[in-house]
Every structure is written in C-alpha cells, then in structure tokens.
Amino acid sequence: MLSQPQSLSLAKFLPFSPSPSLSFRFSLAPNNCFLSFPLLKQPPISLRSKTMISNSTLSNHAYSLQLALNDDQLDRFAEVGNKLADAAGEVIRKYFRKKFEILDKEDLSPVTIADQAAEEAMVSIILESFPSHAIFGEENGWRCEDKFADYVWVLDPIDGTKSFITGKPLFGTLIALLYRGKPILGIIDQPVLRERWIGIRGRKTTLNGEEVLTRSCEKLSQAYLYTTSPHLFRGDAEEAFARVRSKVKVPLYGCDCYAYALLASGFVDLVVESGLKPYDFLSLIPVIEGAGGIITDWQGHQLSWEASPDSRATSFNVVAAGDKQIHQQALDALERQ
C-alpha cells in the first residue's frame, strides 16, 4: 500500500472528468534504459472504404446484419471507434516504459493504471456518443442501466499487459461493437507504433486507411504460426497445439493481439491460442474476415458470446488463418486424438 504523499489523482492524467468512484495509486521510480522504437507516421483513417466483400463469403446471418445497418450508421460507429482508440492511445503512451505499480487480479494476471485509465477514457466517449449502448470492459465489466442492449461495445484497453509492462510495443487496444450479439466493428490499435487495423462488417479491412489482405498458404508445412506463449496451453490443449506446431514451417511466440493484425496484413499464416476471453477475440473477427481470413474455435464453429450483466467472460480456444485450406488442416491436427 502506498503512503498518502505517493497517491496521485487520476484526473491529472486524463482529458476528461472520470467517475468519482474511480481512483488509483501508483508509485514512481527512476526510469530504466530501454531500446527505443521510432514512431511510424499514421496517415488519416478512411471511414468510407466501401469496397464490399462478396456476399458468398458472408453467412446468411451476417448478410442480414449488413442489410439492417446502412453505410451512414457504420461510418458513425467507425468514427467513434477511432475516437476511442485515440483516447486510449493518448493515455497508454504516457505510461509506456515508465515506472508504475503493477497489481494482480484474482486470476493473477497483471493490471496497471494504464489499463484502468485507458478503459475509462473510452467509456466516457461511448456514454457521451451513444447513451443507449451497453459497454463490457475487461476491467469493469457491464455498464448499462438495462439488462439488454442491441449495441454492446466490448473493450480490452491493453491486450498484452505483460508486453506493455516489459516495454515491448506488441500489445494492442481492442475495440469491438456488437449488434445483436454479432461483431460489426473491430479495431486493433497499436498506440506506440501508431498502427490501426479497422474491420467493418461487409467491408475490406484497412491498416491506417489502406486495404490489407491475408496471403495464400495452401499447406500447413509452409505456414508461419504464432501463439502468445506455448506455456498458456494446458492438458489436452497443450497436446493439440504440439501437433500443429510440429507440422508448420516456423512456430513463433509473443505477439498477443498483434499476431492477428500481422495475419490480416498477410505476414503470418496461422494463429492458435487457448483460453481467450471474449474481449480478447471479438474485435479480431471483423478485422480478419474483412482481410479474407477465417477465425473460429477449435471445432470450426463461429465464435460468439452474449454480453449481459450476468455474462461471465468464459474461455475460448481460437484458431485464425489467412487461407481456408490451412485453417482446415489446423483443425484436423487440433482435433486428432
């Protein structure tokens, strides 16, 4: 516990007035020396990349969602999504490679003032822009007066907190907007490198305004595979992952959500993970599908999760691929006993 002189008000670090009940304490210490990474210039984000994906690539339900929402609505959601990523990024950059207190959640995963403040910054914008929308954040769960909402924003302010606290700029802010339980908008934002992938249902995925595509890879033996860590797999999942890893060309580790962004941009072929929470993967779905890829659970089923005040963030096993052929090959390897 920090002494009173070490306690700092969150309001000093945020461009808005947070909830009175929101408070944090953290300690400052001299900075360590880190390797520096140059910032990449981020061109303007285009909200109207209206190249539509062929209807044959969309499920019937996804297509009905596309018909229910017009372009102006989707553009408005994307505009606010960009504001959320901007606000979170402004907070996160202030703390990146700085000293602060690191707390452990009940599941022993780390959380920092940057996680909490970035989520609160996004929540403030959503409440102002769409008062009727619900919010489900990793740090604070459900926020809505009602028990159900057609629109639910699902937020993970820092996906990859361990990367963040160790000074590695491969974490990301994840933002998803669900419409009647289905993700219609997904954002992967890397605030240090200033890279932002945006996926919108029925449109092509963009990176900083430029369309991206997954690459073709027909054989698992030629695939570059990513997972956050091989130590996150347990029991049968560990054995299943080992079968896939033994069949790929190159297994790689340590990118958190950034691996899925690289897959959408055509630099990685396959991502296999276990134990992901809904706020870890819902934003990835429009990004990967809009780039021509596929993302499912290990049985090949569509990923879905109903958000409500009573919802528990259950764990999912996830596999994403840039090519449908290696996706099926990966499923076969994961399921083989």
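Residues numbered from 1 in each chain as written. Predicted model: local features only at pLDDT ≥ 70, side-chain atom pairs only at ≥ 80, totals over all residues. Heavy atoms only, no water.

Student: A description of the packing of aromatic side chains should follow, citing residues and the corresponding values.
Tutor: Taken as a whole and assessed by the stated rule, the structure comprises 12 aromatic pairs. With centroids separated by 6.2 Å and ring planes inclined at 20°, the aromatic side chains of phenylalanine 130 and tryptophan 153 adopt a geometry described as stacked. One end of the pair, phenylalanine 130, is in the loop between α3 (113–129) and β3 (134–137); the other, tryptophan 153, is in strand β5 (residues 151–159), and 23 residues separate them in sequence. By the burial criterion, phenylalanine 130 is buried, and tryptophan 153 matches it. The interplanar angle of 65° and the centroid separation of 4.9 Å between the aromatic rings of phenylalanine 281 and phenylalanine 316 together place this pair among those described as edge-to-face. Placement of the pair is phenylalanine 281 in helix α7 (residues 278–281) and phenylalanine 316 in strand β15 (residues 316–321), with a sequence separation of 35 residues. For the pair phenylalanine 281 and phenylalanine 316, one class covers both residues: buried. Taken together through their ring pairs, the aromatic side chains of Phe77, Phe130, Tyr151, Trp153 and Tyr179 make up a single cluster. (Phe/Tyr/Trp six-rings, centres within 6.5 Å; stacked < 30°, edge-to-face > 60°. Helix = DSSP H or I, 4+ residues; strand = E, 2+ residues; numbered from the N terminus. Buried < 20%, exposed > 50% of the residue type's maximum accessible area, 1.4 Å probe, protein only.)

Student: Provide a residue-level description of the nonpolar core, including the pertinent values.
Tutor: The biggest cluster of nonpolar side chains holds 42 residues, and the ones touching the most others in it are Val152, Trp197, Tyr260, Phe281, Leu284 and Ile295. Of all elements in the fold, only β3, β5, β6 (172–179), α6 (258–264), β13 (270–276), α7, α8 (284–290) and β15 reach the threshold of two or more residues within this core. Setting aside anything within four residues of it in sequence, one finds tyrosine 260 in contact with Val271, Glu273, Leu276, Leu284, Ile288, Ile295, Val318 and Ala320. Counting residues in hydrophobic clusters, the runner-up holds 40 residues, among them Ala78, Ile113, Ala118 and Tyr151. (Core = buried A, V, L, I, M, F, W, Y, C linked by side-chain atoms within 4.5 Å. Contact = heavy atoms within 4.5 Å.)

Student: Lay out the sheet that holds β13 in plain terms, naming residues and giving numbers.
Tutor: Hydrogen bonding along the main chain pairs the strands of a sheet, whether they run parallel or antiparallel. Strand order in the open sheet formed by five strands is β12-β11-β13-β15-β14, and the pairing between neighbours is mixed. Since the sheet does not close on itself, it has two edges, and those belong to β12 (250–253) and β14 (294–297), each with one partner. In this sheet, adjacent strand axes meet at a mean angle of 20° when their direction is disregarded. In this structure, β13 lies alongside β15, joined through five bridges in antiparallel fashion. Counted as the bridge partner of leucine 270 is alanine 321 from β15. Here helix α9 (residues 324–335) sits on the sheet and contacts β13, β14 and β15; the angle it forms with β15, its principal contact strand, is near 145°. (Pairing = 2+ DSSP bridges. Axes fitted to C-alpha atoms, helices over the stretch in contact; angles between N-to-C directions.)

Student: Can you explain unusual backbone geometry? Please cite residues and give values.
Tutor: Look at arginine 180: it is not a glycine, yet its phi comes out positive at around 50°. Note that arginine 180 resides in the loop between β6 and β7 (182–190). In this model, asparagine 208 sits at a positive phi of 50°, which is unusual for a non-glycine residue. With respect to the helices and strands, the residue asparagine 208 is situated in the loop between β9 (206–207) and β10 (210–211).

Student: Let's hear about the environment of arginine 76: which residues, and what values?
Tutor: The topology assignment puts arginine 76 in helix α2 (residues 71–95). A C-alpha to C-alpha distance of 9.8 Å links arginine 76 and serine 129, two positions 53 residues apart in sequence. In this structure, arginine 76 is in contact with Lys83, Ser129 and Phe130, ignoring residues within four places of it in sequence.

Student: Residue-level account of the sheet that holds β3, with values.
Tutor: Pairing in this open sheet of eight strands is mixed, and the strands run β4-β3-β5-β6-β7-β8-β9-β10 from one edge to the other. The sheet terminates laterally at β4 (141–143) and β10, the two strands that pair on one side only.

Student: Quick rundown of the pairing of β7? Include the residues and the values.
Tutor: Across the nine residues that make up β7, a large majority, nine, are buried. Strand direction decides the pairing type here: β6 and β7, joined by seven bridges, are antiparallel. Among the inter-strand pairings, threonine 173 is bridged to a residue of β7, identified as aspartate 189. As judged from the six bridges shared by β7 and strand β8 (residues 195–200), these two strands associate in the antiparallel manner. Its bridge partner lying in β8, isoleucine 188 is registered against tryptophan 197. Taking the residues between adjacent antiparallel strands as the criterion, β7 and β8 are bridged by four residues, where arginine 194 takes a positive phi near 60°.

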